[in-house]
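# Tertiary structure, described
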Amino acid sequence: MEFNDPALEHLVNKITVALNENNKEDAAYYMDIIIEKYPEVANILMNSIEFQNIMAQNEEEEGAEASDEGDDFAIKPGSGMEIDEEKIINDMNAMLDVEPTNAQEFIQKGTVLTVTEEYEKALECFNKALEFDENKLSALISKGNVLELMERYDEASEVYEEVMNLDVEEVYDLMSQGYILEGSQRFEEALKTYDKALKKERNNANILFLKGSCHIKLKQYPKAINTLEEAIEKYSNNPYETIFELENAYHNKGVALHAIGEDDDALEAFSLALGLNPEYYYSYYEIGIIQEDREKYESALKNYEKFLEYDNTDSEVVEAKERVEKILKE
């Protein structure tokens, strides 16, 4: 499922990774955040057979290995169960037997219906939730998301227009609203929304990251660099509270540095991104661009090829690769 809420999307991704790595501690940590901020989604995840089985399995393995190894026991990645989508869907379908009585329950049911691709029924649920609270941000964003999935883009745009015009105060709501504003190319308004959120939580790395990335879209590169550096610093102080991965911030910082001609520093930033995650392939393309500008064509080609190992459909990178190959043949 795709979300139009950056916080929710990244938190769910982090839980998925933790479960796949059989890492109970991280999964529980991120689940606590979702329970607080997104109770309707937390209910779905907590009640899924997949989540319960993996958590139970981890507990059994922890007990068994702890008895053999004493206090040195640590959960090892790579031993997680195979994902069984049918079990998850059956479990979520069972939850649909409960008739919702309030906005949160309608959002929960609508979210399940979205996952199972019953979009018309999901839309009905989100509309019911809005009857309880016409300004409920999570219901509006979910409704817009479903309309997009149904390819009813004009209607989705109208819903997002409502989201953008709401007067919201909660930090996560402000982040989501800013993200929707960015998607509608209303970057200046998005910046104001992020600034409003920062007045509430000045040290929030999530907001700083989104704000810095928004500065890039406005070509305000020095501001972007300063804001992203602050995001990186705050991330380092409290990585578990962030919704983005640190390589995202280093990469975006590199993009801003390259835009103002600071290519040595940009290369360092892209290298740091790849050092954190060698599969963060976007940075390979950016490094290739700099190397091509410096006429280091063989190195540029290797980086374009590395990018295409992960995504061979990006026409811009394909063209860059072909351009360099042509130069090398001359």
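Residues numbered from 1 in each chain as written. Predicted model: local features only at pLDDT ≥ 70, side-chain atom pairs only at ≥ 80, totals over all residues. Heavy atoms only, no water.

## Quick word on the overall build of the protein chain
Short version of the rule: The helix count covers DSSP runs of H or I at least four residues long, the strand count covers runs of E at least two residues long, and both are numbered beginning at the N terminus. Per-residue accessibility, obtained with a 1.4 Å probe over protein chains only, is compared with the maximum for each type, and a residue is labelled buried under 20%, exposed over 50%, and partly exposed between these values. Two residues qualify as a contact provided that any one of their heavy atoms is within 4.5 Å of a heavy atom in the partner residue. Computed with a 1.4 Å probe, the accessible areas rest on the Shrake-Rupley method; for each residue, only the protein chains presented here act as cover.
Helix and strand content of the protein chain: 18 helices and zero strands. Burial analysis of the protein chain (330 residues in total) assigns 47% to the buried set. Within the protein chain, counting contacts between residues at least 6 apart in sequence, those at least 24 apart form 51% of the total. About 17300 Å² of surface is accessible on the protein chain, with carbon and sulfur atoms providing 44% of the total.

## Things to note about the side chain of Lys234
The following threshold applies: N or O atoms closer than or at 3.5 Å make up a polar contact, with two conditions inside protein: a donor-capable atom paired with an acceptor-capable one, and, for residues adjacent in sequence, both atoms drawn from side chains.
By the secondary structure assignment, Lys234 is in helix 13 (residues 221-237). A distance of 3.2 Å separates a polar atom in the side chain of Lys234 from a polar atom in the side chain of Asn203. When residues no more than four places from it in sequence are discounted, the contact partners of Lys234 are Asn203, Ala205 and Leu208.

## Description of the pattern of salt bridges
What counts here: Salt bridges are defined by distance alone: a side-chain nitrogen of Lys or Arg within 4 Å of a carboxyl oxygen of Asp or Glu.
In the structure shown here, the tally under the stated rule is 16 salt bridges. For Glu309, the salt bridge is made with Lys306, and the minimal N-O distance between the two is 3.6 Å. Here the residue Glu309 and the residue Lys306 both occupy positions in helix 17 (residues 297-310), the gap between them amounting to three residues, near one helical turn. For Glu309, a relative accessible area of 58% gives the class exposed.

## Some details on the nonpolar core
The criterion, for reference: By nonpolar core we mean a set of buried residues, namely Ala, Val, Leu, Ile, Met, Phe, Trp, Tyr and Cys, connected to one another through side-chain atoms within 4.5 Å.
Core analysis: the biggest nonpolar cluster contains 80 residues, and Ile207, Phe209, Tyr285, Tyr304 and Phe307 have the highest contact counts within it. Other than its neighbours up to four places away in sequence, Tyr304 contacts Tyr285, Gly288, Ile289, Glu292, Val317, Ala320, Lys321, Arg323 and Val324.

## Structural notes on helix 14 (residues 246-259)
Test applied: For a helix, the expected span equals 1.5 Å multiplied by the residue count minus one.
For helix 14, built from 14 residues, the straight-helix expectation of 20 Å at 1.5 Å per residue is met to within 8% by its first-to-last C-alpha distance of 20 Å. Of all 14 residues in helix 14, eleven are buried; the element is thus mostly enclosed. Residues of helix 14 that are buried: Leu246, Glu247, Asn248, Ala249, Tyr250, His251, Asn252, Lys253, Gly254, Ala256 and Leu257. Lining the buried residues of helix 14 we find helix 12 (205-217), helix 13, helix 15 (263-276) and helix 16 (282-293). Positive backbone phi, approximately 85°, marks Gly261, located one or two places after helix 14.

## Some thoughts on unusual backbone geometry
Even without being a glycine, Gln185 presents a positive backbone phi close to 65°. The exposure class of Gln185 is exposed, given its relative accessible area of 57%.

## Quick notes on the environment of Val324
Within the secondary structure, Val324 is located in helix 18 (residues 315-329). In this structure the C-alpha to C-alpha distance between Val324 and Leu301, which are 23 residues apart in sequence, comes to 6.3 Å. Setting aside residues no more than four positions away along its own chain, Val324 makes contact with Glu292, Tyr297, Leu301 and Tyr304.

## Here we look at a negative patch on the surface
Our working rule: Patches were defined on residues exceeding 30% relative accessible area and lacking a salt bridge, with like-charge contacts within 9 Å and nonpolar side-chain contacts (Val, Leu, Ile, Met, Phe, Trp, Tyr) within 5 Å. When charges are counted, Lys and Arg are positive and Asp and Glu negative, with His and the chain ends excluded. To locate a charge, the coordinates of NZ of Lys, CZ of Arg, CG of Asp or CD of Glu are taken.
The grouping of Asp133, Glu134, Asp154, Glu158 and Glu162 at the surface amounts to a negative patch. Relative to the helices and strands, Asp154 resides in helix 9 (residues 153-165).

## Structural notes on helix 9
Applied cut-off: What the arc measures is the spread of directions leading from the helix axis to the C-beta atoms.
Across its 13 residues, helix 9 extends 18 Å between first and last C-alpha, which sits within 8% of the 18 Å expected from 1.5 Å per residue. Those residues of helix 9 that sit buried are Ala156, Val159, Tyr160, Val163 and Met164. Projected down its long axis, helix 9 shows its buried positions confined to an angular sector of 145°, all on one face. Residues Asp154, Glu158 and Asn165 are exposed on helix 9 and point more than 90 degrees away from its buried face.

## Digging into the packing of aromatic side chains
To keep it simple, the criterion reads: Aromatic rings from Phe, Tyr and Trp, with only the six-membered ring used for Trp, were paired whenever their centres fell within 6.5 Å, and each pair was classed as stacked if the ring planes differed by under 30 degrees, edge-to-face if by over 60, and tilted otherwise.
For the structure shown, the criterion picks out eight aromatic pairs. Considering the side-chain rings of Tyr281 and Tyr310, the 5.5 Å spacing of their centres and the 5° angle between planes classify their relative orientation as stacked. Highlighted residues: Tyr281 in the loop between helix 15 and helix 16 and Tyr310 in helix 17, separated in sequence by 29 residues. A residue is classified by how much of its surface remains accessible, and Tyr310, at 34% relative accessible area, is partly exposed. Counting every residue linked through ring pairs, the aromatic cluster contains Tyr280, Tyr281, Tyr282, Tyr285, Tyr304, Phe307 and Tyr310.

## Description of the confidence of the model for the protein chain
For clarity, the cut-off: What pLDDT expresses is the predictor's confidence in each residue, scored from 0 to 100.
Taken residue by residue, the protein chain gives an average pLDDT of 79. The fraction at 70 or more is 72%. Predicted confidence is poor over residues 65-85, with pLDDT under 50, and the contacts of this stretch with residues over four places away or in other chains come to 31 contacts.

## Quick look at the side chain of Glu286
Note on placement: Glu286 falls in helix 16. For Glu286, which is buried and forms no salt bridge, the nearest opposite charge comes from Arg323, at a distance of 11 Å. Those residues in contact with Glu286, other than ones at most four positions away along the chain, are His251, Val255 and Phe270.

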